[in-house]
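# Overview (structure and organization)
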Amino acid sequence: MTSFTGYRCSLCQAEYLPGQVTYTCPKDNGNLDVILDIDSIRQRYQPEDMVCRAEESLWRYLPLLPVQDPGGEGTPIRSAGWTPIYRLERIGQALGLDRLWLKDESRNPTASFKDRASALVVARGREVGADVIVTASTGNAGAALAGMAAAVGRKAVIFAPRNAPPAKVAQLLVFGARVILVDGTYDDAFDLSITASQAFGWYCRNTGYNPFTAEGKKTAALEIWEWQRSAGNNHVPLTVFVPVGDGNIISGIHKGFKDLLALGWLETMPRLIGVQAEGSAAIANAFNAGGEQVIPVQAKTVADSISVDLPRDGIRAVRAARETGGTYLTVGDDEILAAIAALGPAGIFAEPAGAASYAGLVSAVRQGLLSPGDPALVLNTGSGLKDVRSAMQAVPEAPVIEPTLAALKRIL
Ligand SMILES: *Cc1c(COP(=O)(O)O)cnc(C)c1O
Ligand SMILES: [Zn+2]
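## So, the pattern of salt bridges
Applying the stated criterion across every chain yields a total of 24 salt bridges. Here Asp187 ties to Arg312 by a salt bridge, and the two come within 3.6 Å at their closest N and O atoms. With a gap of 125 residues between them, Asp187 in helix α7 (residues 186–200) and Arg312 in the loop between α11 (282–289) and α12 (314–322) connect regions that are remote in the sequence. For the pair shown, Asp187 and Arg312 are each scored as buried. The salt bridge involving Lys218 is made with Glu215; its shortest N-O contact spans 2.8 Å. Accessibility assignment for this pair places Lys218 and Glu215 in one class, buried. Within the structure, one salt-bridge network assembled from shared partners comprises Glu55, Asp69, Glu73 and Arg78.

Structure follows, in structure tokens:
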């Protein structure tokens, strides 16, 4: 028994029963929000019932999720989420911020935020009897699906652009997924994966298409809520910086906070600031134009995980910032690479998309969007090990010397 009662279209507000639709709204292709029976959750649970649970993963919030317990004890699907939140004290001081934190999503089982979404989709896949789950991916969503599916004995098919970073492709192959590299962009891979899923009856995980990804991603908001609550400052408005590509992470996080508000468990909605690469800024453009119309771009950025021509969850992503008093910021590739180098000394190794949120924070401080006392949290969404070539561009080269003390002295 879950509290999942149906879907609501984010465009036309039409409602559907759980078994009636699978992906987007049949009328207008709008993204579907999962509807939960908030009253029944409120009657059965208190916040204390969540925060006292022993499970150190996103499954500690199972009563707030639209799936049943997927099992898989002792496998990576049970360890998605529950990532650490680090205090960035020295970095904060240098920026003039007293309260700065980073939630390190690179600590997920396959080293990116995408594990949260894939864990939920694999759980849902079990319920709908899916043998094969397919996804388009710039790398991370695929690795997360491949890892989770392998852990519970399901097959994964991944469509990725052929120029995806080699480490990401290696990860897909090592997890035993059927990997198909598409001679085209992520958007081309996206379209082909949907056609293939229809042709072969595969269950499709695609971001901004399958409604369960946002439900997985919302668990980051639940963890941020629990962390603020345990620190006794859940009444303080927090600003959260989120890197944005398709817009599904920021919409998912928004959904998580909205569920908590509806339950009466959260006092103030955090301010959500979306960060896009200048070369892939379709959602930021829509936000800045004041409407909701998302016009595709020809994406080009070092941050491959947020390189998207046509964002698949753009409208909800615009709303996430607009309805929370947040905004969108864009950052250049040079700022993204500088952010990788800036986070390193705090012990954080981010891939370019993961560091983009910190680059956005630096920009926000420069523009006066944060006061010294404002608490802020940046998300590092993926590990630097995923894209070593970009990491090497962010830092100076190491010297190569003869193995002698004399040679060492010459360069010190
Ligand atoms: C997918 C991804 C993002 C962006 O998430 P969207 O839902 O596409 O906006 C950011 N960072 C990393 C590392 C990702 O893999
Ligand atoms: Zn609709």
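More follows now that the structure is in view.
## Observations regarding the site of ligand 1
Near ligand 1 you find 16 residues, and of these Lys114, Gly245, Asp246, Gly247 and Thr381 are the closest. Lys114 is positioned with one of its side-chain polar atoms (N or O) 2.7 Å from an oxygen atom of ligand 1. Here ligand 1, which alone exposes 380 Å², has 98% of that area covered by the protein. Taken together, the residues that form the shell around ligand 1 break down as five nonpolar, seven polar and four charged.

## Overview of the sheet that holds strand β9 (residues 203–204)
Across the sheet, four strands lie side by side as β8-β7-β6-β9; this open sheet has parallel pairing. In this open sheet, the two edge strands, each paired with only one partner strand, are β8 (178–182) and β9. With five bridges connecting them, strand β6 (residues 132–136) and strand β7 (residues 155–161) associate as parallel partners. Within the sheet, the bridge partner assigned to Val132 lies in β7 and is Lys155.

## Concerning the coordination of the zinc ion (ligand 2)
Put simply, a metal with four donors set out as a tetrahedron has ideal angles of 109.5 degrees, and one with six donors set out as an octahedron has ideal angles of 90 or 180 degrees. Around the zinc ion (ligand 2), the protein contributes the donor atoms Cys9 (SG), Cys12 (SG), Cys25 (SG), Asp28 (OD) and Asp28 (OD), which lie 2.3 to 2.5 Å from the metal centre. Here the donor residues for the zinc ion (ligand 2) map to a single chain with the spacing C-x2-C-x12-C-x2-D. Of the two residues, Cys9 is situated in strand β1 (residues 4–9) and Asp28 in the loop between β2 (15–16) and β3 (32–36); the sequence distance between them amounts to 19 residues. A relative accessible area of 1% places Cys9 in the buried class. Classification of Asp28 by relative accessible area gives partly exposed; the value is 28%.

## Concerning unusual backbone geometry
Located in the positive-phi region is Asn29, a residue other than glycine, with phi close to 60°. Residue position: Asn29 is located in the loop between β2 and β3. Under the relative-accessibility criterion, Asn29 is labelled exposed at 59%. Its identity is not glycine, yet Ala111 carries a phi of approximately 75°, on the positive side. Looking at where Ala111 falls in the secondary structure, it is placed in the loop between β5 (100–104) and α4 (114–127).

## Notes on the pairing of β1
Bridge count for β1 against β3 is five bridges, and the pairing is antiparallel. Note that in β3 the partner of Gly6 across the bridge is Ile35. The pairing of β1 with β2 spans two bridges and is antiparallel. Bridge pairing links Arg8 to Glu15 in β2.

Conventions we followed
Residues numbered from 1 in each chain as written. Chains lettered and ligands numbered in written order. Predicted model: local features only at pLDDT ≥ 70, side-chain atom pairs only at ≥ 80, totals over all residues. Heavy atoms only, no water. Salt bridge = Lys/Arg side-chain N within 4 Å of Asp/Glu carboxyl O. Helix = DSSP H or I, 4+ residues; strand = E, 2+ residues; numbered from the N terminus. Buried < 20%, exposed > 50% of the residue type's maximum accessible area, 1.4 Å probe, protein only. Near = heavy atom within 4 Å. Polar contact = N/O pair within 3.5 Å; in protein donor to acceptor, adjacent residues only side chain to side chain. Areas by Shrake-Rupley, 256 points an atom, 1.4 Å probe, with all protein chains shown as cover. Nonpolar A, V, L, I, M, F, W, Y, C, P; charged D, E, K, R; others polar. Pairing = 2+ DSSP bridges. Donors = N, O, S within 2.8 Å, 3.2 Å for Na, K, Ca; no water.

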